[in-house]
Amino acid sequence: MSPHSAVLPGSVERSYPLDCLSDTHDFHQLLVGLGGRVDVEVEGRGAAVTPGAVCLIPAGATHHYLGLEAGNRCRVLDLPAGDDRLDPLFERIRFLRLAGAGVREASDAILLAHLAGAPPLAGPRLNMARLTREVQADPAAPWPLARLAGISHLSERQLRRSLVALTGLSPRQWLVRQRLARAARLLVDGQQPITEIALACGFVDGPQFSRHFRRWQGMTPRDFRRRHRRWPVSTSPPR
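Residues numbered from 1 in each chain as written. Predicted model: local features only at pLDDT ≥ 70, side-chain atom pairs only at ≥ 80, totals over all residues. Heavy atoms only, no water.

**Q** So what's going on with the sheet that holds strand β8 (residues 73–80)? Which residues, and what values?
**A** Taken in spatial order, the five strands make up an open sheet running β1-β8-β3-β6-β9, and their pairing is antiparallel. Among the strands making up the open sheet, the edge pair consists of β1 (12–14) and β9 (94–97). Shown here is a sheet whose adjacent strand axes are inclined to one another by a mean of 25°, direction ignored. (Pairing = 2+ DSSP bridges. Helix = DSSP H or I, 4+ residues; strand = E, 2+ residues; numbered from the N terminus. Axes fitted to C-alpha atoms, helices over the stretch in contact; angles between N-to-C directions.)

Shown next, in the form of structure tokens:
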């Protein structure tokens, strides 16, 4: 989601990308799950926003989000900070559950009124936004299963089962996919040589990286860069 320059009037429906992205803004934000799953982490606390789940993000709180299904949908309401009627709702980060099917049709005012009596959200223990953010911040690290499980606050067995259920990938396969995703962004946004990107993302060398990348994208890293880069090779990236 792009940073907002102003508070939007009224709620909107939004789909979140399948990449783990971060945001901070000077207004409160309310997320209500409508379809699919979006994992959200706010200042170290995380939950899965599924249909009926609610995430309250106070103004100034750094948050990370990751869409886990292409068809995910959330109702999003941006609210001004400094309003005595609204600030008490956002005194702290909260994850709640709203009952019923009216979360899409209810007015913004009714939606906010229902928050006072909404119970805490109990959902999946594995927060994919947190795990993905940690791995993509240091993709070249060894990342043994024990370390991944520790970040997830799960046993190794629980993490393996959860990853397979959510992504269809084993922990090792998922780790390779995260490294490839990080490398793809560097190919598009950066000017580093391909071998340098491969090493920075945890691959042994350029040929190993190219083999994995071609299986994933159906083309070589070089061809991917030519097709998707955002500026010509002969120029510097925009400042």
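**Q** Account for the sheet that holds strand β4 (residues 38–42), with residues named and values stated.
**A** Read from one edge of the open sheet, four strands run β2-β7-β4-β5, paired in antiparallel fashion. A single partner strand is all that each edge strand has here, and the edge strands are β2 (21–23) and β5 (45–49). Recorded for the sheet is a direction-independent mean angle of 20° between the axes of neighbouring strands. Examined bridge by bridge, β2 and strand β7 (residues 63–67) share three bridges and lie antiparallel to one another. Following the sheet pairing, D23 is matched in β7 by H63.

**Q** Talk me through the pairing of strand β3 (residues 27–35); I want residue IDs and the actual numbers.
**A** In terms of burial, β3 is largely enclosed, as nine of its nine residues are buried. Relative to β8, β3 is paired through eight bridges, and the arrangement is antiparallel. Its bridge partner being in β8, L30 is matched across the sheet by L77. Two strands pair when backbone bridges link them, and β3 and strand β6 (residues 53–57) are joined in this way by four bridges, in the antiparallel orientation. The residue bridging V32 from the neighbouring strand is V54, located in β6. (Buried < 20%, exposed > 50% of the residue type's maximum accessible area, 1.4 Å probe, protein only.)

**Q** Outline helix α7 (residues 206–217), supporting the account with residue identities and numerical values.
**A** The end-to-end C-alpha distance of α7, which contains twelve residues, comes to 16 Å, matching closely the 16 Å that a straight helix rising 1.5 Å per residue would cover. Residues of α7 that are buried sit in contact with α5 (171–189), α6 (194–200) and α8 (221–228). Residue D205 occupies the N-cap position of α7, its side-chain oxygen lying 2.9 Å from the main-chain nitrogen of Q208. Following α7 by one or two positions, G218 has its phi on the positive side, about 75°. (Expected span 1.5 Å × (residues − 1). Contact = heavy atoms within 4.5 Å. Polar contact = N/O pair within 3.5 Å; in protein donor to acceptor, adjacent residues only side chain to side chain.)

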